[in-house]
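Below are the chains, spelled out letter by letter.
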Amino acid sequence: MSILIPTAQGADSLHRDALTVLQPGFVGTTPPDWLRRHLAAGLGSVALFARNVTDQRQLSALTAALREENPDILVAIDEEGGDVTRLEAGSGSSWPGNLALGAIDDPALTRDVARELGRALAACGVNYNWAPSADVNSNPGNPVIGVRSFGADPELCARHTAAWVEGLQSAAVAACAKHFPGHGDTAVDSHLGLPVVDADVDLLHSRDLVPFKAAIQAGAKAVMTAHIVVPALDTDHPATLSRAVLHDLLRARPEDGGLGYDGLIVTDGIEMGAIADTYGTAEGTVLALAAGADAICVGGGLADEETVLHLQGAIVAAVRAGRIPEQRLAEAADRVRRLGAWARDGGADAGADRTEPDLAIGLRAARRALRVVRAPGQYCPPVTERPYVASFSPVANIAVGAETPWGVAGMLAARFPGTRAESFGPADAAPERLPALVAAVLAAAEDRRIVLVVRDVHRHAWMAAALEGLLAARPDAIVVEMGVPQAQPVGALHIATHGAARVCGLAAVEVLTGQPPALG
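Residues numbered from 1 in each chain as written. Predicted model: local features only at pLDDT ≥ 70, side-chain atom pairs only at ≥ 80, totals over all residues. Heavy atoms only, no water.

(A) How the structure looks around the pattern of salt bridges. By the definition in use, this model includes 34 salt bridges. For Arg-119, the salt bridge identified is with Glu-116, shortest N-O distance 2.8 Å. Here Glu-116 and Arg-119 lie together in helix H5 (residues 107-123), a separation of three residues that amounts to about one turn. In this structure, Arg-119 and Glu-116 share a single accessibility class: buried. Beyond isolated ion pairs, a larger network of salt bridges with shared partners links Arg-251, Asp-262, Asp-294, Arg-328, Glu-331 and Arg-335. (Salt bridge = Lys/Arg side-chain N within 4 Å of Asp/Glu carboxyl O. Helix = DSSP H or I, 4+ residues; strand = E, 2+ residues; numbered from the N terminus. Buried < 20%, exposed > 50% of the residue type's maximum accessible area, 1.4 Å probe, protein only.)

The structure is reproduced here in structure tokens:
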């Protein structure tokens, strides 16, 4: 079946607006022809992921090519820093993530880190960042937020969310506070299922909404919705598809009980399981726009022209059927274009600063985020020769991605050739296999120093059991926790990095070895 794609000159306003509100991704490091055609026909945004980035020069050329078709294009990326990085997916981030910044609790430093990250994005032509996470990580078992949150205290999250927004937008990169109305109290990953937050309205206002209010006051250009059901707000629809959440709460004036937000409302990835498996991507798109969303994020998993045409067609059909008022779609498209114009003008109202980014600030911040606990009465000298490193890896968080390296094994191996390193997962530490794992690690380590690297040990009983067994045999072992340090510190030396960014690993190696790491 052939599909006629309207040209930029011939596209009617309905088809053009339906393209404008989409924020699709694509595969490759140069724009495919289909993407160029849709940009010329009115597509308002393009989403970049790790698959689109090799280095700064390539990314700059890519964004320049996109602007040849649409000078007002919003070039979006999911660059939180810390564990979630697209700029440096192959090496790990140069900036610590939210939990590390929250642990330091210096809003001025958070502002500076976000500004430098923004400068790095702006230098590559990226002008719209799906960050920061404004979620209050109130559920210690949360499988998808964790270190992406500034912490579990609403006021701490609020002051750092505001600082992060201000810092990023001072570099003329639009910030996007997520995931409204708060994904922190969930035990289900919305990439895979539909979480429910069973909190009453008073708790939502005193906890989850506090950082979003701060983001709005700080001038956040965008807010991203959460694919979560909050029965206290809407018993029938997830927030992304709920008029009660997007209009009555987020958009409505304060005197009418809302937060008075007038910026861009964008959905989380519409192809995520919480929406796609429940409503389908097309129906989810229609319901989101009707509820008050202005832009539809898609392309993390679906990244082709067929997806764009499918969603554009669904929007056009819904308008013609009266399911989406034409004025609602026009209003949404206008918000996308207004943000594009702000970005094109260099964020003039944000006092944009185009100086070169200070890449060293990330390591300085990561050092300050470290929490080091030494076992009472036990001397733990620095590692001075090749150690044995055992890393315990949970199933990769989908938001983080499996391609981003983490840990300290490679850094220690670079410093001490001959370092032995092994990684273990849940199956390796199953109860029936745990004694064999402990014996194998002890045999492989021999008389070397042992470094045990973990991530969110409080959420993984298998990981805690492995630590207990190994430390019983080797109490002189060092533990490096690179997730949320919720469990009690154990080991002769316990280093909590508050995140697995590359700079967090470098800071930990500095403590392990008693000397600054070689940066290359």
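Let's pick the thread back up.
(B) Representation of helix H14 (residues 361-369). All of the buried residues along H14 are Ile-361, Gly-362, Leu-363, Ala-365, Ala-366 and Ala-369. The secondary structure elements touched by the buried residues of H14 are helix H4 (98-104), H5, strand E9 (371-374), strand E14 (493-496) and helix H18 (502-513). (Contact = heavy atoms within 4.5 Å.)

(C) Main features of the packing of aromatic side chains. Under the defined criterion, the tally for this structure stands at five aromatic pairs. For the ring pair Phe-49 and Trp-130, a centre distance of 6.2 Å and an interplane angle of 50 degrees mean the geometry is tilted. You can see Phe-49 sitting in the loop between strand E2 (45-48) and helix H3 (56-69) and its partner Trp-130 sitting in the loop between strand E4 (128-129) and helix H6 (154-169), a full 81 residues away along the chain. Note on Phe-49: relative accessible area 12%, which makes it buried. Three or more aromatic residues joined by ring pairs form one cluster here, namely Phe-49, Tyr-128 and Trp-130. (Phe/Tyr/Trp six-rings, centres within 6.5 Å; stacked < 30°, edge-to-face > 60°.)

(D) Just the pairing of strand E5 (residues 174-180), in detail. Taking burial as the measure, the seven residues of E5 include seven buried ones, the bulk of the element. Direction of pairing for E4 relative to E5: parallel, over a ladder of two bridges. Looking across to E5, one finds that Tyr-128 is bridged to Ala-174. In terms of handedness, the path from E4 via H6 over to E5 forms a crossover that is right-handed. (Pairing = 2+ DSSP bridges. Right-handed = clockwise from strand over helix to strand, strands pointing away.)

(E) Inspection of the state of the cysteines at higher detail. Using the criterion set out here, one finds zero disulfides in the structure. In this structure Cys-504 is not part of a disulfide, and its nearest cysteine sulfur, from Cys-157, lies 17 Å away. (Disulfide = S-S within 2.5 Å.)

(F) Summary view of the confidence of the model for the chain. Scored by pLDDT, the chain has a mean of 93; 94% of the residues are at 70 or more. Of the regions scoring below 50 in pLDDT, residues 1-11 engages in 13 contacts with residues more than four places distant in sequence or in other chains. Segment residues 348-352 is flagged for pLDDT under 50; beyond a separation of four residues in sequence, or across chains, it makes 11 contacts in the model. (pLDDT = per-residue confidence, 0-100.)

(G) Fine view of the sheet that holds strand E12 (residues 450-454). The six strands lie next to each other as E9-E14-E13-E12-E10-E11, forming an open sheet whose pairing is mixed. Both edges of this open sheet fall to E9 and strand E11 (420-424), since each of them pairs with a single strand only. For this sheet, the mean angle separating the axes of adjacent strands, direction not counted, is 15 degrees. In this structure, strand E10 (residues 388-392) lies alongside E12, joined through four bridges in parallel fashion. Within the sheet, the bridge partner assigned to Ala-390 lies in E12 and is Leu-452. Against the sheet, helix H17 (residues 461-473) contacts E10, E11, E12 and strand E13 (478-481), and its axis sits at roughly 165 degrees relative to E12. (Axes fitted to C-alpha atoms, helices over the stretch in contact; angles between N-to-C directions.)

(H) Quick peek at the nonpolar core. The biggest cluster of nonpolar side chains holds 115 residues, and the ones touching the most others in it are Val-46, Leu-48, Tyr-128, Trp-130 and Phe-180. Contacts of Val-46, omitting those with residues within four sequence positions, involve Pro-24, Phe-26, Leu-35, Leu-39, Leu-66, Ile-73, Leu-74, Val-75 and Ala-76. Membership of the second largest hydrophobic core comes to 27 residues, among which are Val-453, Met-482, Cys-504 and Val-509. (Core = buried A, V, L, I, M, F, W, Y, C linked by side-chain atoms within 4.5 Å.)

(I) Just the side chain of Ser-242, in detail. Secondary-structure assignment places Ser-242 in the loop between strand E6 (222-225) and helix H9 (243-251). Owing to a relative accessible area of 0%, Ser-242 belongs among the buried residues under this scheme. A polar side-chain atom of Ser-242 sits 3.1 Å from the main-chain amide nitrogen of Val-245. Beyond its immediate stretch of four places on either side in the chain, Ser-242 contacts Asp-234, His-237, His-247 and Ala-291. (Polar contact = N/O pair within 3.5 Å; in protein donor to acceptor, adjacent residues only side chain to side chain.)

(J) The sheet that holds E4, seen in detail. The six strands are arranged E2-E3-E4-E5-E6-E7 in an open sheet whose pairing can be described as parallel. For this open sheet the edge positions go to E2 and strand E7 (264-266), each flanked by a neighbour on one side alone. Note that E6 and E7 share three bridges and pair parallel. Counted as the bridge partner of Ala-222 is Leu-264 from E7. The sheet contacts of H6 involve E4 and E5, and relative to E5 the element is tilted by about 150 degrees.

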